[in-house]
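An overview of the molecular structure
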Amino acid sequence: MAPFTGLFEHPIVQAPMAGGGSCPSLAAAVSDAGGLGFLAAGYKTPAAMYEEIKQLRARTARPFGVNLFMPQPPAADPAAVEVYAEQLAGEAAWYRTPLGETDQACDDAYDAKLAILLDDPVPVVSFTFGCPARTAVDALARAGTVTVVTVTSVAEAQAAAEAGADAVCVQGVEAGGHQGTHRDDPHMDGAGAGLGLLALLTEVRESVPLPVVAAGGLMRGSQIAAVLAAGACAAQLGTAFLPCPESGAHALHKQALTDPRYVRTELTRAFSGRPARGLVNRFIREHGPYAPAAYPQIHHMTSGLRKASAAAGDPQAMALWAGQGHRLARELPAAELVGVLAAELAAARATSSH
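Keep in mind the model is a prediction, meaning the values are calculated, not measured. Each chain carries its own residue numbering, running from 1 in the written order of its sequence. Whole-chain, interface and lining totals are the exception, using all residues; otherwise, since this is a predicted model, local features are given only for residues with pLDDT of at least 70 and side-chain atom pairs are given and counted only at 80 or more. Only hydrogens and water are set aside when side-chain values are computed; all heavy atoms of the structure are taken into account.

1. Describing the overall build of the chain
In DSSP terms, a helix is any run of H or I states spanning at least four residues, a strand is any run of E spanning at least two, and both are numbered starting from the N terminus. A count of helices and strands for the chain gives 14 helices and 11 strands. Each of the three principal axes of the chain carries a C-alpha extent, and together these read 60 × 45 × 40 Å. When the 354 residues of the chain are sorted by exposure, 57% land in the buried category. Intrachain contacts of the chain at a sequence separation of at least 6 include 69% that bridge at least 24 residues. Residues scored as charged are limited to Lys and Arg (positive) and Asp and Glu (negative), so that His and the chain ends carry no count. Here the site of a charge means atom NZ of a Lys, CZ of an Arg, CG of an Asp or CD of a Glu. Looking at charge distribution, the chain has the averaged site of its 25 positive side-chain charges lying 5 Å from that of its 33 negative ones. Whether a residue is buried, partly exposed or exposed follows from its accessible area with a 1.4 Å probe, protein chains only, as a fraction of its type maximum: under 20%, in between, or over 50%, in that order. Here, two residues are considered to be in contact whenever any of their heavy atoms come within 4.5 Å of each other.

2. A word on the sheet that holds strand β1 (residues 12-14)
Within the open sheet, the 8 strands sit side by side as β1-β9-β8-β6-β5-β4-β3-β2. Their pairing is parallel. Edge positions in the open sheet fall to β1 and β2 (37-40), since each of these has one partner strand only. Along the sheet, successive strands turn relative to each other by an average axial angle of 25 degrees, direction set aside. Strand pairing requires that DSSP identify at least two bridges connecting the strands. The pairing of β1 with strand β9 (residues 234-237) spans 3 bridges and is classified as parallel. Each residue of the ladder has a partner; that of V13, found in β9, is Q236. To get an axis, a line is fitted to the C-alpha atoms, and for a helix only the part in contact is used. The angle between two axes follows their N-to-C directions and goes from 0 to 180 degrees.

3. A word on the packing of aromatic side chains
For any pair of aromatic rings, geometry is given as the distance between the ring centres together with the angle between the planes. Any two rings among Phe, Tyr and Trp, with Trp reduced to its six-membered ring, count as a pair given centres within 6.5 Å; such a pair is stacked if its planes are under 30 degrees apart, edge-to-face if over 60, and tilted if neither. For the coordinates displayed, the defined rule picks out 7 aromatic pairs. When the centroid spacing of 5.4 Å and the interplanar angle of 75 degrees are considered together, the rings of F4 and F8 count as edge-to-face. Neither residue differs from the other here; F4 and F8 are each classed as buried. Here the aromatic cluster, defined as three or more aromatic residues joined through ring pairs, consists of Y43, F69, F129 and Y295.

4. Looking at helix α8 (residues 154-162)
Among the residues of α8, those classed as buried are V154, E156, A157 and A160. Each buried residue of α8 lies within a common arc of 160 degrees when the element is viewed along its axis, so the set occupies one face. Residues of α8 that are exposed and point over 90 degrees away from its buried face: A155 and E162. On the buried face of α8, the contacting elements are β5 (146-151), β6 (167-171) and α9 (197-207). G164 lies just past α8 and shows a positive phi near 95 degrees. It is the directions from the helix axis to the C-beta atoms whose arc is reported.

5. Notes on unusual backbone geometry
Along the chain, Y295 connects to P296 via a cis peptide bond; the corresponding omega equals 5 degrees. In this fold, P296 is placed in the loop between α12 (282-287) and α13 (297-311). Phi is positive for R96, close to 55 degrees, though the residue is something other than glycine. The topology assignment puts R96 in the loop between α5 (89-94) and α6 (110-119). The class for R96 is exposed, based on a relative accessible area of 78%. At D108, a residue that is not glycine, the phi angle is positive and equals roughly 50 degrees. In this structure, D108 sits in the loop between α5 and α6.

6. Quick notes on the sheet that holds strand β11 (residues 276-279)
Reading across the sheet, the 3 strands line up as β7-β11-β10 and stay open at both edges, with antiparallel pairing between neighbours. Edge positions in the sheet fall to β7 (177-178) and β10 (265-268), since each of these pairs with one other strand and no more. Relative to β11, β7 runs antiparallel, the two sharing 2 bridges. When the sheet's bridge partners are listed, H178 is paired in β11 with A276.

7. Regarding the pairing of strand β8 (residues 212-215)
Because side chains alternate across β8, one face comprises the buried residues V212 and A214, and the other comprises V213 and A215, equally buried. In this sheet, β8 lies alongside β6 in parallel orientation, the contact comprising 4 bridges. Its bridge partner lying in β8, C169 is registered against V213. By the bridge criterion, 3 bridges tie β8 to β9 in an arrangement that is parallel. Residue pairing for β9: V213 is matched across the bridge by A234.

Have a look at this one:
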């Protein structure tokens, strides 16, 4: 377990949040405070990813990670994508912006990003929406990079172990943003959409001999203590870091986390065509029930709408990604938040040892 746990002083990992939340200033602050900061390469060009890595290296000498999205299969039903576009025509007219082109590549420039990370290695690379090939994991290992695969089931954790990953990030259904499932199965939508973190963490720990990072709804040091007691080697927090001044999240998104008007979160395909947990706003209520399983096509289709909504100061058509613990969010500088979480963790551990 040493290669991974030796990268941080506190068992606190800042989740890679694609779409703007993660940025060099946030990752640097978390890593400098003794946690493990992460950059999100998802939706970025390879050049933009490399530029962020260079900026982060200029800000900190501490270890950090970069998260890659795995290539996706083509959309199963192009007709369903067309129907959804027709449904969003009114939104496009309201926000005075065209819907995005859906015939863009489904691979998120994975091969080019991986080539950069092999040429100029970083301490950690994690993967979401699938499991990398054994050859990729082995090549990263030779470059001195620790690999982590996001998993949402025992079968996915076993696939990660077989591929040679150094650790798995076990993501419970409580997590904000996208569910990191390796295969998007619309039949799993609704009540059966994934296991809670503690149940899943225990199942994976008993099935796979790999270090486990726990993710999903964690907002306090006492919760970190709970997942460590359940066998995790670290906790990954995303929503907790969104309101930090260093986070790249939009101001409206930060405010919404603790706004009493947002009473709940739910998993929705409305914005991206893949299940993702966000605060329920008008867009989710009106379009969530009809959104097809078509990622990243729907992501590209709604991208302009989301930006126009933010520019108009209207959070009702923004993707307000948030975990189930969002009401516990604290608006603290990232380094201070790491310190508070570490202190809460120490206090919880001291209490439990009596």
